[in-house]
Amino acid sequence: MSDRIETAVESGYTPQIPEKERILKARAVALAKQPEDTKVDDEYIEVVEFKLSYENYGIESGYVREVYPLKELTHVPCTPPFVFGIINVRGQILSVIDLRKFFELPETGLNDMNRAIIVHNSRIEFGILADVVLEVHSIPLREIQPPLPALTGTRAEYLRGVTKERLAVLDIEKILSDKKIIVHEEI
Amino acid sequence: MDENEEEFLIKLISIFKVEAIEHISAITSGLIELEKADAKMQMEHIETIYREAHSLKGAARSVNLKEIESICQAMESVFAALKRKEIITSPQLFDMLHQAVNFIGKLISKDDEITALEKSQIIENIRHFEDILKNAAVTPHQSSVREKPEEETKPEIPEIRHSAIHEGTVRIPTVKLDSLLLQAEELLSLKLAASQHATELRKINAVFALWKQELAKVHAEIQKGQGSLETKDVRFNHILEILDPNNASIKSLESKLTALAKSAEIDHKSLGGMVDNLLDDMKTVLMLPFSSLLGVFPKLVRDLSRDQGKDVDLVIQGEEIEIDRRILEEMKDPLIHLVRNCIDHGIEKPEVRNLKKKSPRGTVKLAITAKDSNKIEILVSDDGAGCDASELKSVAVKRGIISQKEVSKLNEKEVLSLVFVSGVSTSPIITDVSGRGLGLAIVHEKVEKLNGMVSFETKIDTGSTFRIVVPLTLATFRGLLVHVNEQMFAIPVINVERVVRVKTEEIRTVEGRDTISLDGQVVSMIRLGNVLEPGEGEKNKTDENIQVVVLRSGEKRMAFVVDEVVHEQEILVKSLGRQLSRVRNIMGATILGNGRIAPILNVNDLMRSAVKVTYAPAQAPEEVLKDKPKRRSILEVDDSITARTLLKNILESAGYDVKTAVDGVDAFSTLQTQEFDLIVSDLDMPRMNGFDLTSKIRNDRKLSELPVVLVTGLESREDKERGIEVGANAYIVKSSFDHSNLLEVIQRLI
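Residues numbered from 1 in each chain as written. Chains lettered and ligands numbered in written order. Predicted model: local features only at pLDDT ≥ 70, side-chain atom pairs only at ≥ 80, totals over all residues. Heavy atoms only, no water.

Q: Which parts of the structure should I look at to understand helix 11 (residues 297-307) of chain B?
A: Since there are 3.6 residues in each turn of an α-helix, residues three or four apart along the chain are aligned in direction. Among the residues making up helix 11 of chain B, those that are buried are F297, K299, V301, R302, L304 and S305 of chain B. Phi turns positive one or two residues past the end of helix 11 of chain B, at G309 of chain B, with a value near 65 degrees. (Buried < 20%, exposed > 50% of the residue type's maximum accessible area, 1.4 Å probe, protein only. Helix = DSSP H or I, 4+ residues; strand = E, 2+ residues; numbered from the N terminus.)

This is the structure:
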């Protein structure tokens, strides 16, 4: 295209006025056109993908502080079953939550691939148990379909949607701000 | 630019606040001293207050707070006049001065606009001062008329605002200090880790030495074996060829290992010493004397006793004793409450005291003493009426906190500890500030939270004493590490009475509970593992001896069976994070030397849980049965139709059936025809007012038990007393915005 213009200009070509108008109009129309495809594709979210009981889940990476190996876990008595235990992250004590208890997933044994994905917002911070942390990747927002209608209760509540690849994206803000998740028991 | 200026102004005002609070407290204590002082000392105090008022005025002017400036100006003028002996002090003058200081305090604490009412009060106050001065000006013994006191006096006043600097002190925001302390405390885990490493290296060294010996033995055997053989075996030669140089490297490794173990030991010792010193110093930096907290108390006592028409002296002992600032801050409200309690419920009115042949002036004493190296004891006592234990029992039974049967089993100490239970109050009437029985429960909770203890002693007509014991520092304390359910737990040593081994045959079962005998006292005993995990089956240990830890909390003591007592060490309390905001029986966690976590047990919770476990072994202590709310009926009496309608709406939306009456006469005739659960009545009404209605109800055979809540627009002590006299159950100051108070009171009564 540019080559053609160059040759045309060099050869001293000057278009007539109606010709000019036609070209300009065509350009204007072309420029005014909405580039549909690329526009939607711009909206991506970046998720940390992990496995939990053979299923794949994703957490928006903006909420993830770090991924910490789950080596030493201390059980805390008198807490509800979804509290997996507490860990020592460089001197800070953090609780780790077991989402399987909310999602009615079968328990799998612990091994050295287990990780705590430490998530936070401005108010709260805790770890989420993961069997294995896979990778961080971007998903176009439009690919996330609403959770299956068959899902009910907490499971649906905590899910933002599912991708074509069967990756369940968690609604992490909702989990973080859910009052149910806070343990506060007086005697 | 504008934004910057605004920011600057905000900053300036926050600085001003800090300064102003200091001036106010100096003025307040100065006023109290002045009131007590003899003529000779008076001048000195007058001078101090005068200067403080002047400095405050200047500061207020610089941040453009006109109200404060003008109050200070007025006060300054009064003190200038006092200095020149134009006027003399009087109780009224002191009242006004205190009031003025209160206004300044309010103006400072309030960030935005003040109400019109307050404004008019302030103007009123200033006018009073002006009146006093005017009167003084015309008194004959002083000829020179005061004109511009400020300009006259200004040159004499040296700048006292920066006096702190001359004493070699630096002002540092507490946030910074707290963060420093936290960092220093973190070093503790490093120290514990160093100790762990040194120990492990020592162990490896020992294993290594053992192994070397074994190897040497084998070596010798082989050498011997080869020597005894007639024809030299090539294979033996081969082995020896490997072993000989090996010996040399083993030796060098051993010496290296020994050296490493030694230096680890030295490192641990020096690091430990340094960390300990640093922590000690950091703690002293954060220590404050009690006097910094108690400064407000004389005024508090003065105001409160004046309000109630009582004469009370406050005696403070040991205010120079220092304690962790964080504990001091937490103790402020409990101490204020206890002192208030002493004046409210303890000290009698002068005429009553006269009848009892006591001095008409009562005394409230606050005594602080250092106990052991790391505990502080605070005694708050009064020489008032004391508390009747039998009354306490009947109130607790009436409130359904304890059954008649249980209460009869309590010993004297246990009965008295009922005062700390929420809802127990022996006050004859509920008001906005007291009588709900919550205050002491809050005191108890706060002290418990600090890992402290509170107890109560009383003797009728002699007085009452609250005894509080709190640790000297907050975050680190000694903990006893125990093994339970294959897990390590830490118990605060402050709660541990003793550690004993008990023979199984010494356990006796009393009313379904295991007990042991300690020093002739029967102590109930429970497995700690069962308290923590009620589901876990009891482990059948066949040991002859079981390991028992006797824990104490307040007046209660209980024995807990543990698998093993490990040892005692310094521990640093860490929170479990926001998600685990409060866990039953666990107060936090600490990190051990090996990096593992040990949960720290909450002994107060344990005691409560233990009782539940023994009474209902299979059930988790969760659901408390609540009575289904029945619809209760209330008769509301008020002569104003607006007030009536408003309150009716509120009560109905709270789920009550409401009937109304326009005055006492109307109400009383309605009561004859219909039954109600409670009556809410206004005070001032035509035909028959609230008091007369109440006393009429009390004297009626059929209605005498009906709860009566008196509601008033303006609080007055006389009215409250009158209310008690006629037998009202509650006296509430109504506010047009907040009715939660009234609803709460109604809920308590029916």
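Q: Can you help me understand the packing of helix 4 (residues 91-109) of chain B against helix 11 of chain B in this one?
A: When two helices pack together, their arrangement is given by the angle between the helix axes and by the axis-to-axis distance. Residue and element names in this part refer to chain B. Direction vectors running N to C along helix 4 and helix 11 enclose 120 degrees, while the axes themselves pass 13 Å from each other. Classified by the angle their axes make, helix 4 and helix 11 are oblique. As for the relative orientation of helix 4 and helix 11, their crossing is left-handed in sense. Contacts between helix 4 and helix 11 pair F94, D95, H98 and N102 from the former with K299, R302, D303 and R306 from the latter. Classifying every residue of the contact of helix 4 with helix 11 gives one nonpolar, two polar and five charged. (Axes fitted to C-alpha atoms, helices over the stretch in contact; angles between N-to-C directions. Parallel < 35°, antiparallel > 145°, perpendicular 65-115°, else oblique. Left-handed = near helix turned anticlockwise from the far one by under 90°. Contact = heavy atoms within 4.5 Å. Nonpolar A, V, L, I, M, F, W, Y, C, P; charged D, E, K, R; others polar.)

Q: How should the interface of chain B and chain A be read in this particular structure?
A: Quoted interface sizes are often the accessible area lost when the parts come together. Taken together, the contacts link 29 residues of chain B with 27 residues of chain A. Interface area, chain B with chain A, both sides summed: about 2500 Å², of which 57% is carbon and sulfur. Measuring nitrogen to oxygen at the nearest pair gives 3.0 Å for the salt bridge that ties R584 of chain B to E185 of chain A. Where chain B packs against chain A, one counts 13 residue pairs in polar contact (both at pLDDT 80 or more). Only strand 9 (487-492), strand 17 (580-582), strand 18 (586-591), strand 19 (597-601) and helix 19 (603-615) of chain B provide two or more residues apiece to the side of chain B that touches chain A. For the side of chain B that touches chain A, a count of residues per class yields 10 nonpolar, nine polar and 10 charged. Where strand 11 (residues 183-184) of chain A lies against strand 17 of chain B, two bridges are found, and the strand directions are parallel. Directly across from H184 of chain A, in strand 17 of chain B, lies its bridge partner R582 of chain B. (Buried area = accessible area lost by both parts, 1.4 Å probe. Salt bridge = Lys/Arg side-chain N within 4 Å of Asp/Glu carboxyl O. Polar contact = N/O pair within 3.5 Å; in protein donor to acceptor, adjacent residues only side chain to side chain. Pairing = 2+ DSSP bridges.)

Q: I'm lost on the pattern of salt bridges in this one. Help?
A: Between side chains of opposite charge, a pair can form when the charged atoms approach closely. All names here are of chain B. The final tally for this structure, using the stated rule, is 51 salt bridges over all chains. The partner of D677 in a salt bridge is R632, with the nearest N and O atoms 3.9 Å apart. In this pair, D677 sits in the loop between helix 21 (664-673) and strand 22 (678-682) while R632 sits in strand 20 (residues 632-637), placing the two residues 45 residues apart along the sequence. Among the residues examined, R632 registers a relative accessible area of 29% and is labelled partly exposed. Members of the salt-bridge network, linked through shared partners, are E35, D95, K299, R302, D303 and R306.

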